[in-house]
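Below, each chain spelled out in residue letters.
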Amino acid sequence: MAEQRYALERLYEDQEPDLVTDTIPAVLAWLGATGEGPALSFSVRIGAKPPKEETLRLDCDERALESRCNGTLDRVRRMQSRQTADREHITELAAYGLALVGLSVWMPGRRAITFREGLPPDILLDDTDGALRGVEVAGRSSGGHGALRFVLEGTKDKPGGKRGQLVERSDIAEAHVSLWCAAPRVSLLVQVKP
Amino acid sequence: MIPAPRRLALLEAGKLKLAARATLAEGGPDARYEAAVLYHAAARAEQRALLALESPSPEARLASAIERCACLILGFDASAVLDSGWADVLVTSTAVEEKKAAAMRARIDEMMPIFLERYQEARARAPALDAWTKAGGPPGAPRSVHRELDRFLKVFPGEAFVWALRSSSYFYGGDVDAAWDSIHRALKLSPQEPSFLGWELQLVSKHLPRAQAETRLAGAYPEIERGEASAEVCGGFIIAAMDLAAKSPRRVELLGQAFHAAMEAGRTAPSQSEARRLYRAMELGLREMLAGRRPEISILYRCGLGRLAATMPQEADWMRIVSARTTQLRPAA
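Here is a short report on the structure shown in this document.

1. So, the pattern of salt bridges
Working step 1: Applying the stated rule across the entire model yields 41 salt bridges over all chains.
Working step 2: Residues Arg280 of chain B and Glu283 of chain B are paired through a salt bridge, measuring 2.9 Å at the closest nitrogen-oxygen approach. Here Glu283 of chain B and Arg280 of chain B lie together in helix α15 (residues 274–290), a separation of three residues that amounts to about one turn.
Working step 3: Judged by relative accessible area, which is 39%, Arg280 of chain B ranks as partly exposed.
Working step 4: Taken together, the shared-partner salt bridges in this structure form one network comprising Asp22, Arg75 and Arg78 of chain A together with Glu26 of chain B.

Structure (structure tokens):
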């Protein structure tokens, strides 16, 4: 199985720093990464027919991250203190950060230009009118590949999933789905369009 | 190739949305309000991104409207969503082929009913506030209104207009410091709203030390002199200037500026409106004050405000009553 190694602080170079700063603390808080511990490993399933399995080893050097953005570790601690009723935002933000990592590792040279809240895809790579390109993102705390598959394809009660939403949009020329699960640490990266 | 102004506006919008989410994720007692401020700024950046396009397609207009509305929903601002955000989504949808619009709106169409339900619940729990707003939000709101305003703001901390109303209710309840804080909360959410700017200016003389208050007015006056200030800003300026003139060595200068502000406000108010008559009365009253005379209540009759004059006691300071009437925050129904 191929292995990709990525130092989280590299994200500040591979993507717009303005779009990275707020996602890093969430990645660290969500994955419980502390100190200079061993790299975090994700088993990543790429594509669909047939999927390719790779390992992503994520190095989270807190000192390097703090030197890129002061206050990062304080923010991690606040997120981990569990004094907020809006915990789901940590999962979403962490998934955004990991999606940016996925973009930098498997689509080198492509950069996010903005984030969206109201209509997919969440991350825009190109906003050419009528031919958008982007990445739809989601995170799950648990459930592994099964849970991610539901997000991608939908369920019996709610068919379509993220793939369906993106495929039926004629204003999107290229769409990827980037899904992340914290326990077990697995990911699913699929190009659903074209 | 994306035009540079659009690229920058999109980047700013993206950054603000992520910062808002991070604020919510970090939590804290004021996190929802602070996140709302960031989402409001993101909505404005989205608007700038749209304006940077030379001739946006109907789909681009709809996408922008959806994104702005989503930011306002996530920014806990019911008035902005219900008065303009959702309206923009519906209007821009009509120019896009039905199936395409439905696909684009899938997410916002799920968000909207949940938001609407939360709003209806919050309004149902605020009967006194409802009655007060229907009466035009007169000064001296009862205690129950104060409680309901606070409760409403807990659910919708991004509701700029309700923060402004809270400021007004604090002020008439005698708490100028809290009134000042509340109007600043409203202004952080909607920095360009003329009625908030006017109300804040009105509070300057009550909240700040005299020298600081005079400096603030000196900073606001050039916009009035250029004829670019709104009637609300002129109204706030007049009240603050009249307040300060009473205890300032710069009395004549301040009254002169207030006189000019009254002329400007009258010019911008719709013709034959009560507002125009009120500003004209203030202009004539200030002219009297500048000449060292006490403004007579007959000015109100001369300006077509006889019904108002008839209900005032002879000894009343009619200038203050009239100026307060011009700067009253009018709540939405």
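2. With respect to the environment of Arg6 of chain B
Working step 1: Along the chain, the position of Arg6 of chain B falls in helix α1 (residues 4–26).
Working step 2: Between the C-alpha atom of Arg6 of chain B and that of Pro157 of chain B, which follows or precedes it by 151 residues, the distance is 30 Å.
Working step 3: Contacts of Arg6 of chain B, omitting those with residues within four sequence positions, involve Asp127 of chain A together with Ala49, Leu50, Ala52 and Leu53 of chain B.
Working step 4: A polar contact is formed between the side chain of Arg6 of chain B and the side chain of Asp127 of chain A, at a distance of 2.5 Å.
Working step 5: At 2.8 Å, the side chain of Arg6 of chain B forms a polar contact with the backbone oxygen of Ala49 of chain B.

3. A few points about the interface of chain B and chain A
Working step 1: Counting residues at the interface gives 32 residues for chain B, matched by 33 residues for chain A.
Working step 2: Here chain B and chain A share an interface that buries about 3,100 Å² over both sides, 55% of which is from carbon and sulfur atoms.
Working step 3: When the area that chain B buries against chain A is broken down by residue, the three leading residues are Arg21, Glu26 and Arg107 of chain B, summing to 25%.
Working step 4: For the interface between chain B and chain A, the tally reads 16 residue pairs in polar contact (both at pLDDT 80 or more).
Working step 5: Among the elements that take part in the side of chain B that touches chain A, α1 of chain B stands out by supplying 14 residues, more than any other.
Working step 6: Along the lines of polarity and charge, the residues of the side of chain B that touches chain A split into 19 nonpolar, three polar and 10 charged.

4. Section: the packing of aromatic side chains
Ring pairs (aromatic) are described by centroid distance and by the angle formed between their planes.
Residue and element names in this part refer to chain B.
Working step 1: Evaluated as defined, the whole model comprises 12 aromatic pairs over all chains.
Working step 2: An angle of 75° between the planes, with centres 5.6 Å apart, marks the rings of Phe115 and Phe156 as edge-to-face. Taken together, the positions of Phe115 in helix α6 (residues 106–124) and Phe156 in the loop between α8 (143–155) and α9 (160–172) put the pair 41 residues apart, joining distant regions of the chain. In this pair, the class of Phe115 matches that of Phe156, namely buried.
Working step 3: Each member of the aromatic cluster is reached from another via a ring pair, and the members are Phe115, Tyr119, Phe152 and Phe156.
Working step 4: Positioned above the aromatic ring of Tyr170 is the side chain of Arg166, whose terminal nitrogen or guanidinium carbon lies 3.7 Å from the ring centre.

5. Comments concerning the pairing of strand β6 (residues 132–142) of chain A
Residue and element names in this part refer to chain A.
Working step 1: By the bridge criterion, three bridges tie strand β5 (residues 123–126) to β6 in an arrangement that is antiparallel. Directly across from Ile123, in β6, lies its bridge partner Val135.
Working step 2: Hairpin connection of β5 to β6: five residues between the antiparallel strands, including Gly130 at a positive phi of 85°.
Working step 3: The sheet contact formed by β6 and strand β7 (residues 172–183) spans 10 bridges and is parallel. Within the sheet, the bridge partner assigned to Gly139 lies in β7 and is Trp180.

6. Considering the nonpolar core
Working step 1: Ranked by internal contacts, the top residues of the largest apolar core, which has 106 residues, are Phe237, Ile238, Leu286, Leu300 and Trp318 of chain B.
Working step 2: If you tally residues by element for this core, the top one is helix α13 (residues 231–245) of chain B, at 10 residues.
Working step 3: Each of domain 1 (4–124) and domain 2 (127–326) of chain B contributes no fewer than three residues to this core.
Working step 4: Formed by 51 residues, the second largest nonpolar core is a distinct cluster that contains Ala33, Leu103 and Trp106 of chain A together with Ala25 of chain B.

Rules of the game
Residues numbered from 1 in each chain as written. Chains lettered and ligands numbered in written order. Predicted model: local features only at pLDDT ≥ 70, side-chain atom pairs only at ≥ 80, totals over all residues. Heavy atoms only, no water. Salt bridge = Lys/Arg side-chain N within 4 Å of Asp/Glu carboxyl O. Helix = DSSP H or I, 4+ residues; strand = E, 2+ residues; numbered from the N terminus. Buried < 20%, exposed > 50% of the residue type's maximum accessible area, 1.4 Å probe, protein only. Contact = heavy atoms within 4.5 Å. Polar contact = N/O pair within 3.5 Å; in protein donor to acceptor, adjacent residues only side chain to side chain. Buried area = accessible area lost by both parts, 1.4 Å probe. Nonpolar A, V, L, I, M, F, W, Y, C, P; charged D, E, K, R; others polar. Phe/Tyr/Trp six-rings, centres within 6.5 Å; stacked < 30°, edge-to-face > 60°. Lys NZ or Arg CZ within 6 Å of the ring centre and 35° of its normal. Pairing = 2+ DSSP bridges. Core = buried A, V, L, I, M, F, W, Y, C linked by side-chain atoms within 4.5 Å. Domains from an automatic or database assignment.

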